[in-house]
Amino acid sequence: EARLAHGRAAALCAQHVALGASHSSEDWRDIFQEGSVAFETVRADGVDAEQRARAAAGLAELWYCLASAKSLRLHDHDSVEEVRRLARKSIAKTHEALTEIRELGLGATRLAATMLKDLGKVHGFLASIFGGGDAATSREFLAEALRIQQRLDRYFREYPLNLAL
């Protein structure tokens, strides 16, 4: 769990530094690499399948954050293609994580809804830069995430947890 938290923190920190939202003097590329290593370690050594799936989703988020950071530095064809490649890599890894979660019977959980929301976000990001069919795909994933979230909200309103026990 600590490595997952480390990876998530590194991804967000690096994105903030790269986007100029933080005054760190650290090289944001090194911070992204640190996060990647943390997630890859969990993928290789994770104690259970859910933890490994969470690490895959973390890698996907990290690659999206990197694409987002690099999108501010589009200066030639190669930089544009690098952003597209990272975003597509993020989408592929999120699908992998979502498949793993569904195989564990967790396809209707908040974790699955978060992964679907992330797919919608990355497709929306691609649509904002490149246009095309990613906008419609984004809406489909966001709608599916919302359906799961609403179903869970209704369930927990009907069957609240009694934490006093």
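Scroll up to find the structure this text is about.
Residues numbered from 1 in each chain as written. Predicted model: local features only at pLDDT ≥ 70, side-chain atom pairs only at ≥ 80, totals over all residues. Heavy atoms only, no water.

S.K.: If you had to explain the pattern of salt bridges to someone new, which residues and values would you point to?
M.R.: This model, assessed by the stated rule, comprises 14 salt bridges. When the shortest N-O distance is used, the salt bridge between R43 and E100 registers 2.9 Å. Here the residue R43 occupies a position in helix α2 (residues 28-45), and E100 occupies one in helix α4 (residues 77-103), the gap between them amounting to 57 residues. Across the pair, E100 and R43 agree in class, each one buried. One connected set of salt bridges, linked through shared partners, spans R43, K93, E96 and E100. (Salt bridge = Lys/Arg side-chain N within 4 Å of Asp/Glu carboxyl O. Helix = DSSP H or I, 4+ residues; strand = E, 2+ residues; numbered from the N terminus. Buried < 20%, exposed > 50% of the residue type's maximum accessible area, 1.4 Å probe, protein only.)

S.K.: Pulling in residues and values, what's your account of the state of the cysteines?
M.R.: Across all of its chains, the model carries zero disulfides by this definition. For the unlinked cysteine C13, the closest cysteine sulfur is that of C65, found at 11 Å. Given the relative accessible area of 0%, C65 is considered buried. (Disulfide = S-S within 2.5 Å.)

S.K.: Account for the layout of surface pockets, naming residues and giving values.
M.R.: In this structure, the largest pocket spans a volume of roughly 260 Å³. Forming the walls of the largest pocket are R8, A11, L12, F39, R54, A57, G58, E61, L111, T114, M115 and D118. At the level of elements, α1 (2-18), α3 (49-70) and α5 (110-130) are the ones that each hand at least two residues to the lining of the largest pocket. A per-class count over the lining of the largest pocket returns six nonpolar, two polar and four charged. (1 Å grid on protein atoms, 1.4 Å probe; cavity = no way out; pocket = protein on both sides within 12 Å on 5 of 7 lines; lining within 4 Å. Points joined across faces, edges and corners; volume = space filled by probe spheres on them. Nonpolar A, V, L, I, M, F, W, Y, C, P; charged D, E, K, R; others polar.)

Read these as layout, nothing more, since geometry by itself doesn't imply function.
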